[in-house]
Amino acid sequence: MMKKSVPLIISSMIVLLLVSTAVFAPWLAPNDPYATNMAMKLQGMSAAYPFGTDHLGRCVLSRLIMGARVSLFTALGVLAVTLVLSMVVGVAAGYLGGIADLVLMRACDILMAIPHFIFALVIVGALGGGVWNMFIAIIIVSWVGYARIIRNMVRGLKESTYVQYAKMTGVPTVKIVKRHILPFVFPQILLLLLIGTGSTVLLISELSFLGLGVTAPMPEWGMMISESKMYLSSNPMLMFVPGAMISLTVLIFDWFGDTLRDAIDPKMK
Amino acid sequence: MLAAIWGVTLVSFFLIRLIPVDPVEAYFAINNLPVTEEAIEEIREEQGLNKPLLFQYGLWLMNAVQLDFGQSFLTKTPVAEELLSRFSVTLGLAAAAFFIVIAISGIIGIWSVVKQGGLVDRFTRALVFATASMPSFWLGFVLVYVVSLKWGILPLMGWGTIEQSVLPAFTLALGYIPYYIRLIRTSMLEEIEKPHIAFARARGVKESIIIRRHVLKGILPALFTSLAMTCGGLLGGAAIIEAVFAIPGVGRYLVESMAARDYAVLQGFILIIGTLYVIFNFLADLLCAIVDPRARLKRGDI
Amino acid sequence: MKNWFTLILVLLVGVLAACSNTEKEQGNSNSETTGSDVLTMSWAKDIGSGNPHVYAENEMFAQAMLYDPLVTYGKNGKIEPALATSWETSEDGKTYTFKLRENVLYSDGTTLTAENVKRNFDAVLENSAAHSWLEAVAIIDHVEAVDELTVKVQLKEAYYPFLQELTLIRPLRMLADSAFLEDGTKNGIKAPVGTGPWVLTDYKKDSHAEFSRNENYWGEKPKLKKVIVKVIPDSQARTMALQNGDIDLIFGSGQLAPIEYQTLAQSGQYETKISDPLSTRILAINSTYGATKDKNVRLALQHALDRKTIIEHVLNDLEKEAQSLFAPGYPYSDISLDPYQYDTDKSIELLEKAGWKLEPGNEFRTKNGETLTLVMPYNSNEQVDKAIAEYIQGAWRELGIDVQLIGEEWQLMIARAKKGEFNLIANDTWGVPYDPHMYIRTMAGEQQIGYYAQKGIPTSDQLTDNISKVIRSTNEEERRKLYENILQTIHEEAIFMPISYRTNYLAANKRVQNLSFSMQQYEVPLNTYEVK
Amino acid sequence: MLEIKNVSKSYRKQGWFGRKKDIQAVKNVNLKLKEGICLALVGESGSGKTTLGKLILGIEEPEAGEILFKAQNIHKAEAGVKKQLRKELQIVFQDCYSAVNPRMKIKDIIAEPMQVHLSLSKEALQQKVEELLVQVGLQRADAAKFPHELSGGQLQRVTIARAISTDPSFIVLDESINSLDLLVQVSILKLLKSLQKTQNLTYLFITHDLHAVKLFADEVAVMEQGEIIEYVADIKELSRMVHPTSRRLLDARLSIKRDASIQDSRQKETVS
Amino acid sequence: MLEIRDLSVFIQTDNSEKEVVSHVNFTVPQGKIVGIVGESGSGKSMLCNAIMQLFRQNRRYTGDIIYKGTSLLAKSEREMRHLRGKEISLIMQNPMAMFNPIVKIGDHFVETLQSHERISKHHARKRAAEQLARFQLPEDELLDRYPHELSGGMLQRIMIALAACMQPNLLIADEPTTALDTMTQMDILDELLHFHQKTKTSMLIVSHDLGVIAKMADFIAVMRRGVVVEYGPAEWVLAQPAHSYTQALLAARDEHGDLEKLADSWEGTTIGPLYEYKPGCWVREEG
């Protein structure tokens, strides 16, 4: 079903590289990302500090590498939870129909009516800052849309002849869903979620930028940008580097999603 | 549609009530005032916060229908007034960004289909995609730093003149452009694959007519639906842009009100933005129905 | 298709038209910013509606520009005449009689009278709930207009800082009769009409405000003709606006990040200035929570704090090192206390004494299997607070202290502080003219940071008793004694860690001259500024 | 064997502004199918043939009337009986590609109904699948293939294998050959015919192709707008149908013999 | 008038090339109807598209297609566009998909007319109405209707009217009745025949249904896997099929056939050379 493609191999390698950077961050970081050293603050590039140091004399590169953890782990965690949540609700609503469907669709209408960023902002505001609350907020705002997509897909599949046949023959519902519905829905949604991961990374950094995300001294890219804002004229590198990291991550996930989609379904290019 | 708007009122009212900070305490805190029990009770009474929640909701809803969202806890001014004056600014910003999105993604998207795979096409697309992946707050600062401060081309910040709107509108728009280039490109290619295009070619219809009348018109419904979503997103995304560029818009106001836990403002804001979204979607459906006669049959509830 | 294009065209034209309209408006005010006696400054927030008797949305500096008090706060807490030229206090300290200045004109041309002053006082008293924090309002029994220019204020009880609190920017400043609504001022005013040196002449919410010189001002008239205040919420944006020449002046603590100030100062292209101490930046220690219940731990922390590094590197030398809770120039604050010196050895010794031992292989000290953990919330939007917190966390890790930072929005942080769920928290004293009595007073009220600081010490009851006594005292000598006692206890129990004295600072174009600061933190002495 | 008594069914269609419109798909239909025969149900599209098929299979519920299979009411039977009925009643769809899950292997497709109705061990199931494949003229090796690897004719054989796997007695052939190539149609019809004999099957053959009917069916019923308008008990009498719609259906058959009149007129034109 | 000379069509995919039409030869004489019959995948539609030069990008051709003495393969896209619809018209199968659902019927006519001559919208509409009237269609009613409001049979009729509106010299009908009911199919075929008799337009009709071809064609070509196995005047091919594949097809359509005796597959070779076994009748030699 899937074609082998060179771009896909390259892009998945880069994603893998990124993820393993996050996983092995504590061992990869050349310096302690939390160690403050006022004597060494706001240094330029050097052998010891490849990207220089920040306003508390911490190694920027080490903080960037550790920062990958927050962004990626949160984004991937959101991906996983959203996947499960939207699958369960979407399939239930789409396949069973009735009240479940009605409730979901109305909930969708309403929740989609509030722009994601604002919704997340309000939820984080309500729950308080911190990685965990931010994580919850992002899931709350994102799962509904996916659930709706799944619901629509399931509705289409439910009408397909082979599902009708399976129902007619008396195949149990759980088995029909497992066999005839999930294998079609799963890869599509995974793909959509992967493509959406880029925007999740952006959302995380935006919330952190506003001081609603992670707590210091945990290094997070959005927060690093807001910390370094005041050094823009004296030390522009400090702001440039985390921004570039965010862009790069978003771009890589976009590209990965694109290549994956092309490989799965070349027509959708 | 009315059902959806009603739902939005529910969310805007009760979601805000989830916030664990007591609004009265917030009122005191934001004013840096010491709190006494009597003072709390007095404010509570004054704002009707001591009534049952459902009663409060009913009251709020009744007033909201008459475009009265109550008074800001913070400034004592009517929320509707505050919001409307700021909304005009944000809508201006969003509208400018909206046209930039349509213009740029339209040109690049159509170009990329008509002159597929050209060098210029590839380069511009790569550039646009790269910029879109940048966080808007960061991009905003970099643009201000480079364009305004280093080159001195455009004004730094503020709002009111066309020059002042260029940078923020662009920053806001950039995030959406690649999405639309992709949407336009994908749906145009999809449309071109359709058999009726082959039939039109077989009739010798001019390529320009095919692109205009068949392909572009064919992608409009998908475009309208997405644009309606984007309108909401642009209004939401304006919050950060407004902070960076010192624009007196509603997004910045939201962030400030959020920090102050100004219930009345937050509720009114979410209600208005949700209603706008519902209206945008309704308009999109309407436009779709105008373009695509088949959509007229499908719409059941209004 | 054609219709669609037309629709877009129409919308486009509409937006352009809207833009060009506002452009014209903006253009007018822009042209005036370049005048030689016009100063353009930035402010982080909108100035508000200009009601002198309420708080929130109104920015104090603007209220101070428009309205005058009866008396003002001079150097070292000396009360000086303003709208009142002289005053008398009765023996029992309950009656104050003010003689008003003659021929003081409001900007609408009306004259200041005793009746008018009474009306202002009454309007404030009518909204007493909002002012309950302020003893000067709560303590007033009634106000009388004795004659055309004499006002008598009757207090319920004696209250020594009454005059001091009359100098506040709000709420006891004078508004013209014509500006009152029927129900007073609590629900707004008709127009900002005051006796102050400035008159509000143009205002666009969240965008800009324009003040013109009050030609009828009773005192020395401002040198500038106009002051335009632009609202720029972001500090980096303010800096860039100054560099770009869009504004002439950035004024105020927190309006510039220390590093930004330093960069501007070092560039030599701008006039920069730092004020005398205004208030004290402190870390309050919770004596009722966790490890900091132990006095030895509190003392250890006092010795572990390296103020010099914080001031040099985080505050960029913008603030002076603080040795005591109140700067020595404050009333009753010039007592000699032996400050805690930065000495990590002593700190470790104290920790060991308190039973917190560093077991081999552990990163942090432990006692009975518990780790020495200090909870420290900070306002996630305050970059300086955040940097200090992060620095302390890093520095104290070397002593085996685990500082857990909780970055929260200000509201949530306050909520946490009210519940007392912290070991350490950044706090400021109230500054001129409130201190010392206002900050001391918070220590007696529940749910306050100061309350949690003292509640856990053995002499807590005596301390709060002294606090309530000192405020009621009419005897200068007794007051001095009580304050000495209070400040002594605070110091000995090591419940506050003063870091630095907050200052105001400003950065301006070289063309702005005669730059100075007021005594009060939130007042900009624009009267004296000049533009070349 | 199967008796349809006064069965009616209508669909509700939702229109603009929620207006609802009822469309009568099957009107008061009576039919009796004898065991072992093949009844062809003929009619234009939209005449209600497929709905009738779905009613018989229990996919749809009738609004009025009843359908008896082996004297059991299909729609009102108890759960146990219903399961037995599901085993006995099978269907072969028109579009074989949409009738199978494209991500399942042939062996799993065929095994699906057996897993529900027969409790076989894994090996026995495998064995049975292979037997079925051979029975419908495919290779044992095809079991491991995916649907897209097979041609239309082969795949239709798979769905036939699936249909007969539960050992049914009645199969609805819902336009089962109409989208196949001509020679493949012939081969499928041959297969079905031989299966009918060996398995003792009864067919309801839904089609609009009278040519295939003539080759394959024993009895014919013609439907128009939900009603049976003509019933022919003997296939040999097909050309003697009298109802105008039946006549038109007969006339619309395209013969490979040249239409004399047109031929004549043509020749005249070329001469003149 | 149209001559296909040893035409082969190759479809190019990413890294391979597939021959879908192989060395096909036949001609469409002026004023005659040529029918091509073959199973799905036999390359019939590819042939139609090759003549119209549609989907040029990923096709490769060898041999030649000569229309009125000039090669269509050599023509530029611009020249082809002028030819399409005006000189050579195409009717495609599945009329429901061939009309743009969001464009009114009348506009389909208008854009076709305007693409080939300078004509105002008003005049074009008038011409469209006349054209619809010529095919006994209710012109005033149809012009402002959308395709989805009409039945397949009606749309197919409109398609014929549309294809005929520029008075083409050659009308290619690719499976014109496949998606239709049997009764509608008959009507459409009659319509086409009627049109042919009136205008003497040359036609190329492609169908998988031998019945359709038998009804319409003067000459019949039988295709199998991209190859023409037999070609000749309709009478000859139908009465005395020379190739065994043609014979099998005919037998399956025989009214008096017996299921048991019919051939259900044909696996013969199609690679043998084409030879003329009678004047004008060509057949492939079988292995």
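What counts as what
- Residues numbered from 1 in each chain as written.
- Chains lettered and ligands numbered in written order.
- Predicted model: local features only at pLDDT ≥ 70, side-chain atom pairs only at ≥ 80, totals over all residues.
- Heavy atoms only, no water.
- Pairing = 2+ DSSP bridges.
- Helix = DSSP H or I, 4+ residues; strand = E, 2+ residues; numbered from the N terminus.
- Axes fitted to C-alpha atoms, helices over the stretch in contact; angles between N-to-C directions.
- Contact = heavy atoms within 4.5 Å.
- Buried < 20%, exposed > 50% of the residue type's maximum accessible area, 1.4 Å probe, protein only.
- Right-handed = clockwise from strand over helix to strand, strands pointing away.
- Buried area = accessible area lost by both parts, 1.4 Å probe.
- Salt bridge = Lys/Arg side-chain N within 4 Å of Asp/Glu carboxyl O.
- Polar contact = N/O pair within 3.5 Å; in protein donor to acceptor, adjacent residues only side chain to side chain.
- Nonpolar A, V, L, I, M, F, W, Y, C, P; charged D, E, K, R; others polar.
- Phe/Tyr/Trp six-rings, centres within 6.5 Å; stacked < 30°, edge-to-face > 60°.
- Lys NZ or Arg CZ within 6 Å of the ring centre and 35° of its normal.
- Parallel < 35°, antiparallel > 145°, perpendicular 65-115°, else oblique.
- Left-handed = near helix turned anticlockwise from the far one by under 90°.
- Core = buried A, V, L, I, M, F, W, Y, C linked by side-chain atoms within 4.5 Å.
- pLDDT = per-residue confidence, 0-100.
- Disulfide = S-S within 2.5 Å.

1. Looking at the sheet that holds strand β4 (residues 84-89) of chain C
Residues and elements named next belong to chain C.
Consideration 1: Spatial strand order, β4-β5-β7-β6: 4 strands in an open sheet with antiparallel pairing. Across the chains shown, the open sheet's two edge strands, defined by having one partner strand only, are β4 and β6 (140-147). Between one strand axis and the next, the sheet turns by 20° as a mean value, whatever way the strands run.
Consideration 2: Two elements, strand β5 (residues 95-100) and strand β7 (residues 150-155), share 5 bridges in a ladder whose sense is antiparallel. Looking at the pairing, F98 lines up with V151 of β7.
Consideration 3: Relative to the sheet, helix α3 (residues 114-126) contacts β5, β6 and β7, its axis offset from that of β6 by approximately 165°.

2. Side note on the pairing of strand β7 (residues 170-174) of chain D
Residue and element names in this part refer to chain D.
Consideration 1: The element β7 is largely enclosed, with a buried count of 5 among its 5 residues.
Consideration 2: Taking every second residue as pointing to the same face, both faces of β7 are buried, with F170, V172 and D174 on one and I171 and L173 on the other.
Consideration 3: Summarising the sheet, strand β6 (residues 89-92) and β7 pair through 4 bridges and their orientation is parallel. Bridging across to β7, L89 finds its partner in F170.
Consideration 4: Pairing of β7 with strand β8 (residues 202-207) involves 5 bridges; the strand directions are parallel. The residue of β8 that forms the bridge with D174 is I206.
Consideration 5: In terms of handedness, the path from β7 via helix α7 (residues 182-199) over to β8 forms a crossover that is right-handed.

3. Observations regarding unusual backbone geometry
Consideration 1: Between C:R170 and the following residue, C:P171, the backbone shows a cis peptide bond with an omega angle of 5°.
Consideration 2: Within the secondary structure, C:P171 sits in the loop between α5 (162-166) and β8 (198-204).
Consideration 3: Note that the residue after C:D435, namely C:P436, is joined by a cis bond; omega there is 0°.
Consideration 4: Tracing the sequence through the fold places C:P436 in the loop between β19 (424-428) and α13 (437-442).
Consideration 5: Positive phi, close to 50°, is recorded for C:N368, a residue that is not glycine.
Consideration 6: Tracing the backbone through its elements, the reader meets C:N368 in the loop between β15 (366-367) and β16 (370-371).
Consideration 7: Not every positive phi belongs to a glycine, and E:D6 is a case in point at roughly 45°.

4. Thoughts on the sheet that holds strand β13 (residues 279-285) of chain C
Residues and elements named next belong to chain C.
Consideration 1: Spatially, 4 strands are ordered β14-β20-β13-β19 in an open sheet, and the strand pairing comes out antiparallel. In this open sheet, the two edge strands, each paired with only one partner strand, are β14 (320-321) and β19.
Consideration 2: When β13 meets β19, the two strands line up antiparallel, connected through 5 bridges. For I282, the partnering residue across the bridge sits in β19 and is N427.

5. Considerations on the interface of chain E and chain D
Consideration 1: Facing the 41 residues of chain E at the interface are 34 residues of chain D.
Consideration 2: Interface area, chain E with chain D, both sides summed: about 3,500 Å², of which 55% is carbon and sulfur.
Consideration 3: Our count for the contact surface shared by chain E and chain D stands at 0 salt bridges.
Consideration 4: If you look at where chain E meets chain D, you find 3 residue pairs in polar contact (both at pLDDT 80 or more).
Consideration 5: Looking at the side of chain E that touches chain D, the elements that each hand over two or more residues are α8 (182-199), α9 (210-216), α10 (234-239) and α11 (244-252) of chain E.
Consideration 6: In terms of residue count, α8(E) provides more of the side of chain E that touches chain D than any other element does, 7 residues in total.
Consideration 7: The class makeup of the residues in the side of chain E that touches chain D is 20 nonpolar, 7 polar and 14 charged.

6. Notes on the arrangement of the chains
Consideration 1: Separated in space, chain C and chain D share no contact, their closest pair of C-alpha atoms being 25 Å apart.
Consideration 2: Chain C makes no contact with chain E; the smallest distance between any of their C-alpha atoms is 11 Å.

7. Let's talk about the packing of aromatic side chains
Two descriptors summarise a pair of aromatic rings, namely the distance from one centre to the other and the angle between the planes of the rings.
Consideration 1: Under the counting rule described, the total for this entry stands at 32 aromatic pairs over all chains.
Consideration 2: Each ring, one from B:F13 and one from B:W60, has its centre 5.4 Å from the other, and the planes form 40°; the classification is tilted. In this pair, B:F13 is assigned in helix α1 (residues 2-17) and B:W60 in helix α4 (residues 53-65), connecting sequence segments 47 residues apart.
Consideration 3: For the pair C:F326 and C:Y330, a centre-to-centre distance of 6.4 Å together with 25° between the ring planes defines the contact as stacked.
Consideration 4: An aromatic cluster of three or more residues is present, and its members are B:F13, B:F14, B:Y57 and B:W60.
Consideration 5: In this arrangement the basic side chain of B:R86 is found over the ring face of B:Y253, its NZ or CZ atom lying 3.8 Å from the centre.
Consideration 6: When the ring centre of D:F216 is taken as origin, the NZ or CZ atom of D:K193, which lies over that ring, is 5.0 Å away.

8. Some words on the packing of helix α3 (residues 60-96) of chain A against helix α4 (residues 98-112) of chain A
Residue and element names in this part refer to chain A.
Consideration 1: For the pair α3 and α4, the least separation of the axes is 7 Å and the interaxial angle reads 125°. Taken together, α3 and α4 sit at an angle that is classed as oblique. Classified by chirality, the crossing of α4 by α3 is left-handed. Residues V89, A93 and L96 of α3 pack against G98, A100, D101 and L104 of α4.
Consideration 2: Of the residues belonging to the contact of α3 with α4, the class tally is 5 nonpolar, 1 polar and 1 charged.

9. A look at the nonpolar core
Consideration 1: In terms of nonpolar packing, the biggest core is built from 185 residues, with A:F117, A:V185, A:L207, B:L83, B:I177, B:M188 and B:F269 touching the most fellow members.
Consideration 2: With 20 residues, helix α11 (residues 207-245) of chain B is the single largest residue contributor to this core.
Consideration 3: If we skip the residues at most four places from it in the chain, A:L207 touches A:F117, A:A120, A:L121, A:V124, A:M134, A:L212 and A:G213.

10. Describing the pairing of strand β1 (residues 38-43) of chain C
Residue and element names in this part refer to chain C.
Consideration 1: Within β1, 6 of the 6 residues are buried, which leaves it mostly tucked inside the rest of the structure.
Consideration 2: Both β1 and strand β10 (residues 226-231) contribute to a ladder of 6 bridges, which runs parallel. Bridging from a neighbouring strand, W43 pairs with V231 of β10.

11. Description of the environment of B:T124
Consideration 1: Within the secondary structure, B:T124 sits in helix α6 (residues 119-132).
Consideration 2: As for B:T124 and B:S112, which are separated by 12 residues in sequence, their C-alpha atoms are 9.6 Å apart.

12. Considerations on the confidence of the model for chain B
Low pLDDT marks stretches whose predicted atomic positions should not be read closely.
Consideration 1: Taken as a whole, chain B shows an average pLDDT of 78; of its residues, 85% reach a score of 70 or greater.
Consideration 2: Per-element confidence in chain B ranges from a low mean pLDDT of 64 for helix α14 (residues 293-298) of chain B to a high of 86 for helix α10 (residues 195-202) of chain B.

13. With respect to the state of the cysteines
Consideration 1: Under the definition given, this model contains 0 disulfides over all chains.
Consideration 2: The closest cysteine sulfur to the non-disulfide-bonded D:C38 is located on D:C96, 19 Å from its own sulfur.
Consideration 3: Looking at the unpaired E:C165, the closest cysteine sulfur is the one in E:C48, lying at 19 Å.

14. Here we look at the pattern of salt bridges
Consideration 1: With the rule as written, the count across this model stands at 57 salt bridges over all chains.
Consideration 2: C:K308 is paired through a salt bridge with C:E321; the nearest N and O atoms lie 3.5 Å apart. Taken together, the residues span a long stretch of sequence, with C:K308 in helix α9 (residues 307-314) and C:E321 in strand β14 at a distance of 13 residues.
Consideration 3: With relative accessibility at 57%, the residue C:K308 sits in the exposed group.
Consideration 4: Overall, C:E321 belongs to the partly exposed group, its relative accessible area being 28%.
Consideration 5: The partner of E:R127 in a salt bridge is E:E117, and the shortest N-O contact between them spans 3.2 Å. Here the residue E:R127 occupies a position in helix α5 (residues 121-134), and E:E117 occupies one in the loop between α4 (105-116) and α5, the gap between them amounting to 10 residues.
Consideration 6: Linked through salt bridges whose partners overlap, the residues forming this network are A:D54, A:R58, A:R63, A:E227, C:K386 and C:E390.

15. Examining helix α8 (residues 295-304) of chain C
Consideration 1: The buried fraction of α8(C) is high, at 9 of 10 residues.
Consideration 2: Of all the residues in α8(C), the buried ones are C:N296, C:V297, C:R298, C:L299, C:A300, C:L301, C:Q302, C:H303 and C:A304.

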